[in-house]
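Structure assessment
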Amino acid sequence: MGCVWTKGQSRREDPSVIADQTCFSVKDIEALYELFRKLSSSIIDDGFISKEEFQLGLFGNSKKQSLFADRIFDMFDFKHDGVIEFGEFIKSLSIFHPSTPQSEKIAFAFQLYDLRQTNYIGRDEVKEMVMAMLNESDLILSDETVQAIIDKTFEEADLKGDGKIDMEEWKEFATRNPTVLKNLTIPYLKDITTTFPSFVLRSEVEDEIYVFS
Amino acid sequence: MNQSELKVKQSETLNAFHIISLSEGFDLSPLFEEKKREEKEELRFATTKPASSVISKLEDLAKSVKFSVRKSESRVRLEGSERGRKGKLSIEAEIFAMTPSFLVVEVKKDGGDTLEYNQFCSKELRPALKDICWTSPAENPTPA
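So, how was this worked out
- Residues numbered from 1 in each chain as written.
- Chains lettered and ligands numbered in written order.
- Predicted model: local features only at pLDDT ≥ 70, side-chain atom pairs only at ≥ 80, totals over all residues.
- Heavy atoms only, no water.
- Pairing = 2+ DSSP bridges.
- Helix = DSSP H or I, 4+ residues; strand = E, 2+ residues; numbered from the N terminus.
- Core = buried A, V, L, I, M, F, W, Y, C linked by side-chain atoms within 4.5 Å.
- Buried < 20%, exposed > 50% of the residue type's maximum accessible area, 1.4 Å probe, protein only.
- Domains from an automatic or database assignment.
- Contact = heavy atoms within 4.5 Å.
- UniProt positions renumbered as here; feature names shortened; annotations may be inferred.
- Buried area = accessible area lost by both parts, 1.4 Å probe.
- Salt bridge = Lys/Arg side-chain N within 4 Å of Asp/Glu carboxyl O.
- Polar contact = N/O pair within 3.5 Å; in protein donor to acceptor, adjacent residues only side chain to side chain.
- Axes fitted to C-alpha atoms, helices over the stretch in contact; angles between N-to-C directions.
- Parallel < 35°, antiparallel > 145°, perpendicular 65-115°, else oblique.
- Left-handed = near helix turned anticlockwise from the far one by under 90°.
- pLDDT = per-residue confidence, 0-100.

This next bit is on the pairing of strand S3 (residues 75-84) of chain B. Residues and elements named next belong to chain B. One ladder, built from four bridges, connects strand S2 (residues 68-71) with S3; its direction is antiparallel. Across the sheet, Val 69 pairs through a bridge with Leu 78, a residue of S3. Once S2 ends, the chain turns through three residues before running back antiparallel as S3. The turn linking S3 back onto strand S4 (residues 87-99) is made up of two residues.

Right, let's talk about the nonpolar core for a bit. Among the nonpolar cores identified, the biggest contains 73 residues, and Phe 54, Phe 89, Phe 96, Tyr 113 and Trp 170 of chain A together with Phe 17 and Leu 28 of chain B are the most heavily contacted of them. Each of domain 1 (23-98 + 186-207) and domain 2 (102-183) of chain A accounts for three or more of the residues forming this core. Among all residues touching Trp 170 of chain A, those that are not within four sequence positions of it are Ile 106, Ala 109, Phe 110, Tyr 113, Ile 121, Ile 165, Val 180 and Leu 181 of chain A together with Phe 17 of chain B.

What follows deals with the UniProt feature "domain: EF-hand" (unreviewed entry) in chain A. If you check UniProt for "domain: EF-hand" (unreviewed entry), the listed places come out as residues 64-99, 101-136 and 145-180 of chain A in our numbering. End C-alpha to end C-alpha, residues 101-136 of chain A measures 30 Å, and it is 72% helix and 8% strand.

For the rest of this paragraph, the subject is the interface of chain A and chain B. Taken residue by residue, the interface counts 48 residues in chain A and 38 residues in chain B. Buried area between chain A and chain B, summed over both chains or domains, comes out near 3600 Å², and the portion from carbon and sulfur atoms is 71%. Between the two partners, chain A and chain B, sit zero salt bridges. At the boundary of chain A with chain B, the tally comes to three residue pairs in polar contact (both at pLDDT 80 or more). For the side of chain A that touches chain B, the secondary-structure elements that each account for two or more residues are helix H2 (26-40), helix H3 (51-59), helix H4 (67-76), helix H6 (102-113), helix H7 (123-136), helix H8 (143-157) and helix H9 (167-176) of chain A.

This paragraph deals with the side chain of Arg 71 of chain A. All names here are of chain A. Within the secondary structure, Arg 71 is located in helix H4. When its relative accessible area of 7% is taken as the criterion, Arg 71 is described as buried. Ignoring anything within four residues of it in the chain, the contact list for Arg 71 reads Gln 111, Leu 112, Asp 114, Leu 115 and Gln 117.

Okay, the packing of H2 of chain A against helix H5 (residues 86-94) of chain A next. Residue and element names in this part refer to chain A. H5 packs onto H2 with a crossing angle of 120° between their chain directions and a minimal axis gap of 11 Å. With respect to their mutual orientation, H2 and H5 come out oblique. Note that H2 runs across H5; the crossing there is right-handed. Along the contact surface, H2 presents Ile 29, Leu 32, Tyr 33, Leu 35, Phe 36 and Leu 39, while H5 presents Phe 86, Phe 89, Ile 90 and Leu 93.

Attention now goes to the confidence of the model for chain B. All names here are of chain B. Mean pLDDT over chain B: 78, with 78% of residues reaching 70 or higher. Per-residue pLDDT, averaged within each element of chain B, yields its smallest value for helix H1 (residues 3-11) (40) and its largest for S2 (93). Of the two predicted TM-score estimates for the complex, the pTM is 0.74 and the ipTM is 0.81.

Shown next, in the form of structure tokens:
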């Protein structure tokens, strides 16, 4: 971004406070803190995850642009200050936990897909996302085919027939088609401390690392 | 599931939000994995062949390497009989219909050692699936 962050290292919120607001245990949060440290120091070690660091973590390439990664980043960055801090990271990841209620995932997905934040998901937004996905996978479908897919989707989801999907219609649609929320659950999150034994638990002394495998 | 139910399932297509949810950018699991995406064990390809062709290719492959097969309307699971470094190698293929004549198949490791999976993919899986993969017009002038 070119500007110097003067706020310094983000103050670490008390894990037990965060745990209460999320599906994570305190131990999970400690393990996720190590992941956060890894991501947030990958380009600049400033205690925040920048867009480039996020892209690096996700794609292995800090310069890779993706409509979807942009949306996720914006959703994680509650304060819209251009970086993801630890609290934002954990609270956002909590949505992806297998135990998080469907209603939260449904609400999150709606905001994610509401690209222009109008409280509606319109045809043009859906088309933009479908095209982005096809481009990303090097798949090509004819314009008629894409239109047909979108028409069919709106036929099912747009119950009021006003050409756009509002939150109420989305809730109905997602409840009937739970597989559209597949990307909002990361099974790994259930067993962080056991799935990722290489996330070390640090003691107070910086140099001493106790590795639990 | 009887024959007619199977047919209905196969002609159901994905809606736009299913397609969108398949996007890489929405998949946060690489953040948790130590390997880079290039080494990731997920294989995705498109095909204009019917689902039955994809399934029978996988069944033929399984037979040739003595893997067992379990299938449902849109999923095929292959499992090796020998225990490898991390148990039996198992692979799952999921078939998604973008349109009735354009499918996307996602293959991933379901169990077992990743190195063995990668070897299996390059030695057995990719060659077996090569002639049903549809590639974009630059490489192959067949339209979708």
